[in-house]
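Understanding the architecture of this molecule
Residues per chain, in single letters:
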Amino acid sequence: MLGGVLSAASAYVTPEDAAVLGARLSPLGAEVAGNASGTIPAWTGGLTAPPPCFEASRGRYCDPYPDDRPLYVVTAENLTQYEDLLTPGQRALFAAFPDSYRMRVFPTRRSFANPPPVYAAALANATHAVLVDGTLDKAATAVPFPLPANGVEAMWNHRLRWRPLVTERVSAQFAVAASGDFSQAQLREQLRFDYGEEGYDLHAARGVLSQRLQWIEAPERLAGAGLLIEDVARAADFGRHLWQFGTGAEHTQRVPNLGYDTSGIGTDDLRTNDQIDTYSGPLDRYDFKLVGKQELLVPANSYALHSDAVPYRELVGRHHLNPDLARYERRRVWVVDATVKRGSSHLYRHRRFYLDEDGWQIRVVDNYDNRDVLWRVQETHSVMAYDRLYELPVAETVYDLPGSRYLVQSLNNEGPEVAYPAIEAGDFGPSALARRGRKLSRDAQR
């Protein structure tokens, strides 16, 4: 542990400790050097400018590595050669679908980058950010703990990894049954990442870190249903920052239990609300343990999967995404174990998170049931949004192993690319949720 202990959940980092940031470690705490075998290269600053194809794609995030070819393909037949590079959940997918599931492994491209002011904020956070009784303080803009001392700090880094102030996306979501039949929904989501603004002040913002509005636009029977989740620094305040709007309703309802393990609308009970963005919301129901680092094969630089030349019918397979479109790379990840606290409850008694060291994106999650049996596996496929310098999830999966079914969300292959509109903070409240919800509901009934 670095420095002296400040509280049960936070460690004090001295300026001497922090001197490794920007030198041996990146500004966000990743090892700059590659690994001994050369299978993970050094980080040299990442992808900081759009490739030539970006202008031609008219704003679509095109593949900056079009000439890359798989180094090898992991299959059920050669699994033993690579099982040390896979999580228990990934190995379970090979066991469940030996004839169809495989991983194409490409050269590792450490493409992650953030804007220089974000790096400066991370350096400041390293010696100032604290957790007092689980509440974040003295942090702004960038990951609060680039030198994490424990699992809670690592999870805060995923929760507060930098994104542009406002993002908006229209995306498709598929809940796929064991038979291959599926239900499809179209969602519109607006996220205001208040914490990421330069000059952000936790106290002036009343502890609000981000505001997420989400509506279902299709199918017709669900059109207009939506939610508003304000993520906040103090877990005890979270229940007062959750609203829901139902189809045919006139007003929003404050729903204190909307977060955590409440099932997401239109997901066929395959995703909980705290599995939005792989994991989101407070950390107060779990004890988190920082296990250490591990080299794994994880999804990354998923431009081929994100291509607008790929229709959903080619991407969404019977039991899993089309493996001929997914890209995996060998990466170093932080491993964090989460176990439900005594006196608390959650659908998932035990979760193991695998967080990419470069940008703190959670890549894979193994979720266990109340018998501590592996139940659901999450993977997040992402791309570098190189015009804005942040990492963008483009497909988030939840695989239900016993049911041989799965959910995939955040797809926009057949829709517009993510946008960055100028939406004011005042347009993220309950009234905005109800206003658009009513319009969507009315339009669907015409």
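In short, a report on the structure. (Residues numbered from 1 in each chain as written. Predicted model: local features only at pLDDT ≥ 70, side-chain atom pairs only at ≥ 80, totals over all residues. Heavy atoms only, no water.)

Scanning the chain for helices and strands turns up eight helices and 19 strands. Scaling as 2.2 N^0.38, a compact globule of 446 residues should have a C-alpha radius of gyration of about 22 Å, and the chain matches this with 21 Å. Projecting the C-alpha coordinates of the chain onto the three principal axes gives extents of approximately 65 × 55 × 50 Å. In the chain, buried positions account for 60% of the 446 residues. A sequence separation of at least 24 residues applies to 65% of the contacts in the chain between residues at least 6 apart. (Helix = DSSP H or I, 4+ residues; strand = E, 2+ residues; numbered from the N terminus. Rg over C-alpha atoms; globule rule 2.2 N^0.38 Å. Buried < 20%, exposed > 50% of the residue type's maximum accessible area, 1.4 Å probe, protein only. Contact = heavy atoms within 4.5 Å.)

One pass over the full model with this rule turns up one disulfide. The disulfide bridge from Cys 53 ends at Cys 62, spanning 2.1 Å between sulfur atoms. Because the sign of the S-S torsion sets the handedness, a value of about 90° for the bond joining Cys 53 and Cys 62 places this disulfide among the right-handed ones. (Disulfide = S-S within 2.5 Å.)

This paragraph deals with unusual backbone geometry. Following Ala 218, the chain continues to Pro 219 via a peptide bond in cis, the omega torsion being 10°. Inspection of the secondary structure puts Pro 219 in the loop between strand 9 (208–218) and strand 10 (226–232).

For helix 5 (residues 151–159), the tally of buried residues reaches nine of nine residues, placing the bulk of the element in the interior. Inspection of helix 5 places Gly 151, Val 152, Glu 153, Ala 154, Met 155, Trp 156, Asn 157, His 158 and Arg 159 among the buried residues, and these make up the whole buried set. Two or three places before Val 152, at the opening of helix 5, Asn 150 has a side-chain oxygen 3.3 Å from that residue's backbone nitrogen. (Polar contact = N/O pair within 3.5 Å; in protein donor to acceptor, adjacent residues only side chain to side chain.)

Within the fold, Asn 301 resides in the loop between strand 13 (286–299) and helix 6 (303–306). A polar contact of 3.0 Å, which involves the side chain of Asn 301, links it to the backbone oxygen of Arg 109. With residues up to four places along the chain from it excluded, the contact list for Asn 301 reads Tyr 65, Arg 109, Ser 111, Arg 327, Glu 329, Arg 331 and Ser 382.

Before going further, it helps to spend a moment on the pairing of strand 7 (residues 166–176). Of all eleven residues in strand 7, eleven are buried, a share of seventy percent or more. Burial along strand 7 is two-sided: the residues Val 166, Glu 168, Val 170, Ala 172, Phe 174 and Val 176 and Thr 167, Arg 169, Ser 171, Gln 173 and Ala 175 are all buried. Here eleven bridges tie strand 7 to strand 8 (residues 182–192), and the two strands are oriented antiparallel to one another. Opposite Phe 174, over in strand 8, you have Gln 184 as the bridge partner. (Pairing = 2+ DSSP bridges.)

Okay, the environment of Pro 299 next. The residue Pro 299 is located in strand 13 in this model. When its relative accessible area of 0% is taken as the criterion, Pro 299 is described as buried. As for Pro 299 and Ala 385, which are separated by 86 residues in sequence, their C-alpha atoms are 16 Å apart. Beyond its immediate stretch of four places on either side in the chain, Pro 299 contacts Arg 327, Tyr 328, Arg 363, Val 364, Glu 379, Thr 380 and His 381.

So, on to the nonpolar core. Counting 100 residues, the largest nonpolar core has Tyr 61, Leu 136, Met 155, Trp 156, Phe 288, Phe 353 and Leu 411 as the members making the most contacts within it. Sort the elements by how many residues they give to this core and strand 14 (residues 328–340) lands first, with seven residues. If we skip the residues at most four places from it in the chain, Leu 136 touches Val 130, Leu 131, Pro 144, Phe 145, Trp 156, Leu 160, Tyr 195, Leu 202 and Ala 233. Formed by twelve residues, the second largest nonpolar core is a distinct cluster that contains Leu 213, Leu 228, Trp 243 and Leu 440. (Core = buried A, V, L, I, M, F, W, Y, C linked by side-chain atoms within 4.5 Å.)

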